[in-house]
Amino acid sequence: MVQTPIPVQSESPKGKSECYGVFCLAYDLKAEEETKSWKKLMNIAVSSAAGMISNHLLFKLASGEVFGPNQPIALKLLGSERSIQALEGVAMELEDSLFPLLREEVFQDAEWALLIGAKPRGPGMERADLLDINGQIFAEQGKALNAAASRNVKVIVVGNPCNTNALICMKNAPNIPAKNFHALTRLDENRAKCQLALKASVFYDQVSNMTIWGNHSTTQVPDFLNARINSLPVKEVIKDHKWLEEEFTEKVQKRGGVLIQKWGRSSAASTGVSIVDAIKSLITPTPGGDWFSSGVYTNGNPYGIAEDIVFSMPCRSKGDGDYELVKEVIFDDYLLKRIRKSEAELLAEKRSVAHLTGDGVAFCDLPEDTMLPGEM
């Protein structure tokens, strides 16, 4: 991976400044004083910045929709060597949109890192091979973050297999708190809320306390036991428990694949929206009694889930970028059995990338192929 647009040196009356593709930085941003209306500049790194997901996400970031109307941002756009021209085109569109909050496009001092890019799975490629190839990408990104990013950078890994990619990235960034790494499972949460709302004939904002447990794969567990509709347990509102256990669960697990079959493309737009939702959940206090889902490091978790993996669990935040795990959840045999299956899969994924996490020699014993269709 290379940082793009590529910087070239230019001169300004005040001395040296840097140009980044079509964006030239001709003044000292750090010298600008904070005012009552503008906050301190925030640095945000986005990988695969010329991809479809980023095409939806970048403009939401630049518009102020995510971090607020008085938060200037510097976007650090990253991509492969082949995408340099496309990245310059993205930069041109951002320029032409005249976003008042956008200050520059240039990983140094990043406070948020949105790691979207990953190699798709090709024909005949084994899942272990994909884990290895993408794992090497995220190992390098972890090293780069460790070297250059803010010590309190928040990292959201979107590129699949995102749970294990997040683990690899985290292990290669030992100077950054492990708690700062997230694997995106918010789209799965949003899909689960949608299906429950449709079944109960209510609007989606009446669905709360929705947890996605486990891996972002077809072993993920949408938790209808703890979820609520209009503050009531889902199973009291939706009496068709067979639908919950079978059709609902499968719909959420395979929603991305159905979308590809219907539309011929992956869910880039809704993924972009879910990244925004995930960020907002960390910078906005969680409503009382509610929670959100995120793939986070399991060390110290209160649920008995194996430690040293990245596992989607229920979280709540005070709005300071940090989170705590929710303790007031219940389990039954159905839920526990499925959580254990996803846990076993993530432990097997971890063993297959041990050479990238410092855990010794890798070996593959993945139980079955549960890769999501969007990774193909």
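Cut-offs used in this document
- Residues numbered from 1 in each chain as written.
- Predicted model: local features only at pLDDT ≥ 70, side-chain atom pairs only at ≥ 80, totals over all residues.
- Heavy atoms only, no water.
- Helix = DSSP H or I, 4+ residues; strand = E, 2+ residues; numbered from the N terminus.
- Buried < 20%, exposed > 50% of the residue type's maximum accessible area, 1.4 Å probe, protein only.
- Areas by Shrake-Rupley, 256 points an atom, 1.4 Å probe, with all protein chains shown as cover.
- Polar contact = N/O pair within 3.5 Å; in protein donor to acceptor, adjacent residues only side chain to side chain.
- Contact = heavy atoms within 4.5 Å.
- Core = buried A, V, L, I, M, F, W, Y, C linked by side-chain atoms within 4.5 Å.
- Phe/Tyr/Trp six-rings, centres within 6.5 Å; stacked < 30°, edge-to-face > 60°.
- pLDDT = per-residue confidence, 0-100.
- Salt bridge = Lys/Arg side-chain N within 4 Å of Asp/Glu carboxyl O.
- Axes fitted to C-alpha atoms, helices over the stretch in contact; angles between N-to-C directions.
- Parallel < 35°, antiparallel > 145°, perpendicular 65-115°, else oblique.
- Left-handed = near helix turned anticlockwise from the far one by under 90°.
- Pairing = 2+ DSSP bridges.
- Right-handed = clockwise from strand over helix to strand, strands pointing away.

Novice: Quick rundown of the overall build of the protein chain? Include the residues and the values.
Specialist: Of the regular secondary structure elements, the protein chain holds 10 helices and 18 strands. The buried share of the protein chain, reckoned over its 376 residues, is 53%. Surface exposure of the protein chain reaches about 17000 Å², of which carbon and sulfur atoms provide 52%.

Novice: Run through the side chain of glutamine 71, naming residues and quoting values.
Specialist: Positionally, glutamine 71 belongs in the loop between α1 (52-63) and β6 (73-79). Polar side-chain contacts of glutamine 71 include one of 2.7 Å to the backbone oxygen of lysine 40. Among all residues touching glutamine 71, those that are not within four sequence positions of it are Lys39, Lys40, Leu41, Met42 and Leu101.

Novice: Which residues make up the nonpolar core, and what values go with them?
Specialist: Ranked by internal contacts, the top residues of the largest apolar core, which has 51 residues, are Ile44, Leu58, Leu61, Leu94 and Trp213. Excluding residues within four positions of it along the chain, leucine 58 makes contact with Val46, Ala49, Leu75, Leu77, Val90 and Leu94. Residues Val155, Val157, Ala173 and Leu366 belong to the second largest nonpolar core, which totals 30 residues.

Novice: Outline the packing of aromatic side chains, supporting the account with residue identities and numerical values.
Specialist: Going through the model one piece at a time under the given rule, you end up with 9 aromatic pairs. Between phenylalanine 224 and phenylalanine 248, the aromatic rings sit 6.3 Å apart at their centres with planes inclined by 75°, giving edge-to-face as the arrangement. Residue phenylalanine 224 is found in the loop between β13 (221-223) and β14 (228-229), and its partner phenylalanine 248 is found in helix α7 (residues 241-263); the two are separated by 24 residues along the sequence. No difference in accessibility class separates phenylalanine 224 from phenylalanine 248, as the two residues are buried. Between the aromatic rings of tyrosine 303 and phenylalanine 331, the centroid separation amounts to 6.2 Å while the plane-to-plane angle is 65°, which identifies the pairing as edge-to-face. Here tyrosine 303 is found in the loop between β16 (292-297) and β17 (310-316), whereas its partner phenylalanine 331 is found in the loop between β18 (324-325) and α9 (333-352), with 28 residues between them in sequence.

Novice: Explain the confidence of the model for the protein chain to me, and be specific about the residues and the numbers.
Specialist: Per-chain confidence: the protein chain averages 87 in pLDDT, with 85% of residues scoring 70 or above. Long-range and interchain partners of residues 1-29, a stretch whose pLDDT sits below 50, account for 60 contacts in this model, where long-range means more than four residues apart.

Novice: For the pattern of salt bridges, give the residues involved together with the corresponding values.
Specialist: Proximity of charged atoms lets side chains of opposite charge pair with each other. Tallied over the full model, the rule gives 12 salt bridges. Residue aspartate 308 pairs with lysine 171 through a salt bridge whose shortest N-O separation is 2.7 Å. Taken together, the positions of aspartate 308 in the loop between β16 and β17 and lysine 171 in helix α4 (residues 162-171) put the pair 137 residues apart, joining distant regions of the chain. Given a relative accessible area of 26%, lysine 171 falls into the partly exposed group. Taking the shortest distance from any N to any O, the salt bridge between aspartate 365 and arginine 351 comes out at 3.0 Å. Of the two residues, aspartate 365 is situated in the segment after α10 (354-357) and arginine 351 in helix α9; the sequence distance between them amounts to 14 residues. By relative accessible area, which is 34% here, aspartate 365 ends up partly exposed. For arginine 351, a relative accessible area of 31% corresponds to the partly exposed category. A network of salt bridges, in which partner residues are shared, links Lys171, Asp308 and Lys350.

Novice: An account of the packing of helix α3 (residues 127-148) against α4 is requested, with residue identities and associated values reported.
Specialist: Packing of α3 against α4 leaves a shortest axis separation of 7 Å and a crossing angle of 40°. One element, α3, and the other, α4, form an angle in the oblique class. As for the relative orientation of α3 and α4, their crossing is right-handed in sense. Across from Leu131, Asn134, Gly135, Phe138, Ala139, Gln141, Gly142 and Leu145 in α3, the residues of α4 making contact are Thr164, Asn165, Ile168 and Cys169.

Novice: Talk me through α1; I want residue IDs and the actual numbers.
Specialist: Taken as a whole, α1 has its buried residues at Ile53, Ser54, Leu57, Leu58, Phe59, Leu61 and Ala62. Of the surrounding elements, those touching the buried residues of α1 are β5 (42-46), β6, α2 (84-96), β8 (112-115) and α8 (268-283).

Novice: If you had to explain the pairing of strand β9 (residues 154-157) to someone new, which residues and values would you point to?
Specialist: Both faces of β9 are covered, namely the face carrying Lys154 and Ile156 and the face carrying Val155 and Val157. Note: β8 against β9, 4 bridges, orientation parallel. Bridge pairing in β9 places alanine 113 opposite valine 155. Pairing of β9 with strand β10 (residues 181-183), which is carried by 3 bridges, proceeds in the parallel orientation. Across the sheet, the residue bridging to isoleucine 156 is histidine 182, located in β10. Running through α4, the crossover from β9 to the neighbouring parallel element β10 is right-handed.

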